[in-house]
Amino acid sequence: MGKVIAVSTNKGGVLKTSITTNLAGVYALQGKKVLIIDTDNQGNAALSFGKNPDNFNTTIYDVLVDGIPPEYSIQNVYENIDILPANDDMAFFEFDVLTKVEQYPQPFMLMTKRLDKIVSDYDVILIDTPPNLGLTQGNVLCFADEVLIPFQPENYSMRSLVKILNAIDEFRERYNPSLSVLGIVATLVDKRTHLHSQVLQECRAYCMNNQITMFDTIIPRTVRFAASVAYEGLPATLTDKNNPLVTSYFELVKEMDGDGS
Ligand code: ADP
Ligand code: MG
C-alpha cells in the first residue's frame, strides 16, 4: 500500500523540490515504485528530470479541475519513477475552483477524490508543493498521510514553522484524521554559521517540547549541487556522485524509515 508523503512548508527556496526529487531517487534505487506529484506551478519537479513542463499536454491541473484520469498525465521519467507534472496552469487552480463553488462543493477534497485510486499502484508517493498555504496546499494536506517539513535556519524560520504545524493540526482535525508530521529536516545548513547552530538548537528544543520528530540528518548547503541538475537533468541522488549531499539524502531516508542512522 502506497505511503503518501507531502514535502510542505509555506516558504520558497528551502529545498522542497530538491528533497522531493532526491528522495524519489533514493527510493527508486531501492527498487521501490515511486510517483512524484508536482503541485507547484513552477513545474520544477519535471525540470529536475530534464523535462520542460510547458511541453505536457495535460498536467495535475487537468486531473484536479477537469477530472481527466491521472493515468493520462502521468509520465515515466526514470526507472521506477513516474511523475504527475505541473506547469503554469496550476497558477489558476485556486481562482478556477473557488469561482465555481457549485461545481466544486468540496474544494479541498479534489486531490483525494481524483487520486485515491492510484495510491495502491505505488510504494511511495512524494508530493512537491507551492511555497504558500492556499487551496493547493490544502488539497495536499487532505490527501497526504505524512508531511515532511524542510526547515532552513534563518531569523524568522521558527515563525513560519509554527504556521505550517498549526495548519497541519487544523487539517487533521477538520478533514484528514490520519495526517501526521513525519518530521522536520534542516536544509541549506552551513555548520560554521553561528546563526544556523543557534536557530537549529531552538528548533530542536521546540520539537522536543511538542513531540515532533526533528531528523538528525541535515541537508548541507553546497555549491556543487546546482551544477549536477543543470548538466545531467537528474536529481543528485541519481547522478552517482559520492558527495556529502547525496549521502545526506540516503541518511535521511534511513531515518524516515526508522532504520536509525
Ligand atoms: P523550493 O522547492 O523549496 O523552492 P528548491 O529545491 O528549488 O527549493 O531549491 C532552491 C535552490 O537551491 C535551487 O536553485 C537549487 O538548485 C538550490 N539547491 C538545492 N540543493 C542545494 C544545496 N544542498 N546547497 C545549495 N543550493 C542548493
Ligand atoms: Mg520548488
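Above this text sits the structure in question.
Not measured: the values here are computed from a predicted model.

This part is about the overall build of the chain. Within the chain one finds 11 helices and 8 strands. In terms of overall size, the chain behaves like a compact globule, its C-alpha atoms giving a radius of gyration of 18 Å where 261 residues would be expected to give roughly 18 Å. With the C-alpha coordinates of the chain rotated into their principal frame, the extents come out at 55 × 40 × 30 Å. When the 261 residues of the chain are sorted by exposure, 55% land in the buried category. Taking the average location of the 21 positive side-chain charges in the chain and that of its 32 negative ones, the two points are 5 Å from each other.

With that out of the way, let us pick up helix H1 (residues 16-29). In this model, H1 (14 residues) spans 20 Å end to end at C-alpha, consistent with the 20 Å of a helix rising 1.5 Å per residue. The buried fraction of H1 is high, at 13 of 14 residues. Where H1 ends, the next residue or the one after it, Gly 31, has phi of about 85°, a positive value.

Let us now look at the packing of aromatic side chains. Under the definition given, this model contains 3 aromatic pairs. Consider the rings of Phe 108 and Phe 171, whose centres lie 5.2 Å apart with planes at 90°: the pair is edge-to-face. With Phe 108 in the loop between helix H5 (93-98) and helix H6 (110-115) and Phe 171 in helix H8 (residues 157-174), this residue pair connects regions lying 63 residues apart in the sequence. Taking the centre distance of 5.4 Å and the plane angle of 55° together, the rings of Phe 108 and Tyr 175 count as tilted. Of the two residues, Phe 108 is situated in the loop between H5 and H6 and Tyr 175 in the loop between H8 and strand S7 (180-189); the sequence distance between them amounts to 67 residues. When its relative accessible area of 22% is taken as the criterion, Phe 108 is described as partly exposed. Put simply, the rings of Phe 108, Phe 171 and Tyr 175 touch in pairs and so form one group of aromatic residues. Looking at Lys 33, its charged tip hangs above the ring of Tyr 122, at a distance of 4.4 Å from the centre.

Moving on, we come to the side chain of Thr 112. Of note, Thr 112 is situated in helix H6. A relative accessible area of 14% places Thr 112 in the buried class.

Moving on to the nonpolar core. One finds Ile 37, Ile 60, Phe 93, Leu 115, Ile 127 and Leu 161 to be the most contacted residues of the largest nonpolar core, which totals 52 residues. Per element, the largest residue contribution to this core is 7 residues, and it comes from H8. Setting aside chain neighbours within four positions, we find Ile 127 in contact with Val 4, Ile 5, Ala 6, Val 7, Thr 20, Ile 37, Thr 39, Met 111, Val 140 and Phe 143. With 33 residues, the next largest nonpolar core counts Ala 28, Val 34, Phe 49 and Leu 182 among its residues.

What follows covers the pairing of strand S2 (residues 34-38). Where burial is concerned, most of S2 is hidden: 5 out of the 5 residues are buried. Residues of S2 alternate between two faces, with Val 34, Ile 36 and Asp 38 on one and Leu 35 and Ile 37 on the opposite face, all of them buried. Summarising the sheet, S2 and strand S4 (residues 81-84) pair through 4 bridges and their orientation is parallel. In the strand pairing of S4, Ile 36 is matched with Ile 83. Pairing between S2 and strand S5 (residues 124-128): 5 bridges, direction parallel. Within S5, the position partnered with Ile 36 by the bridge is Leu 126.

Let's shift gears to the packing of H8 against helix H9 (residues 194-209). Relative to each other, H8 and H9 sit at 25°, their axes nearing to 11 Å. Between H8 and H9, the angle is such that the two are roughly parallel. For the pair H8 and H9, the sense of crossing is right-handed. Residues Met 158, Leu 161, Val 162 and Leu 165 of H8 pack against Glu 202, Cys 203 and Tyr 206 of H9. Grouping the constituent residues of the contact of H8 with H9 by class yields 6 nonpolar, no polar and 1 charged.

Okay, the pattern of salt bridges next. Side-chain pairing between opposite charges can occur once the charged atoms of the two side chains come close. Inspection of every chain in the model, using the stated rule, returns 4 salt bridges. Linking Asp 257 and Lys 3 is a salt bridge whose minimum nitrogen-to-oxygen distance equals 3.9 Å. Taken as a pair, Asp 257 in the segment after helix H11 (244-256) and Lys 3 in strand S1 (residues 3-7) lie far apart in primary sequence, 254 residues in all. A relative accessible area of 27% means that Asp 257 is categorised as partly exposed. Classification of Lys 3 as partly exposed rests on a relative accessible area of 29%. Asp 169 is the salt-bridge partner of Arg 172, the closest N and O atoms lying 2.9 Å from each other. Separated by 3 residues within a single helix, Arg 172 and Asp 169 lie in helix H8, roughly one turn from each other. The partly exposed category is assigned to Arg 172, whose relative accessible area is 27%.

Cut-offs applied
- Residues numbered from 1 in each chain as written.
- Chains lettered and ligands numbered in written order.
- Predicted model: local features only at pLDDT ≥ 70, side-chain atom pairs only at ≥ 80, totals over all residues.
- Heavy atoms only, no water.
- Helix = DSSP H or I, 4+ residues; strand = E, 2+ residues; numbered from the N terminus.
- Rg over C-alpha atoms; globule rule 2.2 N^0.38 Å.
- Buried < 20%, exposed > 50% of the residue type's maximum accessible area, 1.4 Å probe, protein only.
- Lys, Arg positive; Asp, Glu negative; His and termini not counted.
- Charge placed at Lys NZ, Arg CZ, Asp CG, Glu CD.
- Expected span 1.5 Å × (residues − 1).
- Phe/Tyr/Trp six-rings, centres within 6.5 Å; stacked < 30°, edge-to-face > 60°.
- Lys NZ or Arg CZ within 6 Å of the ring centre and 35° of its normal.
- Core = buried A, V, L, I, M, F, W, Y, C linked by side-chain atoms within 4.5 Å.
- Contact = heavy atoms within 4.5 Å.
- Pairing = 2+ DSSP bridges.
- Axes fitted to C-alpha atoms, helices over the stretch in contact; angles between N-to-C directions.
- Parallel < 35°, antiparallel > 145°, perpendicular 65-115°, else oblique.
- Left-handed = near helix turned anticlockwise from the far one by under 90°.
- Nonpolar A, V, L, I, M, F, W, Y, C, P; charged D, E, K, R; others polar.
- Salt bridge = Lys/Arg side-chain N within 4 Å of Asp/Glu carboxyl O.

By themselves these figures say nothing about function.
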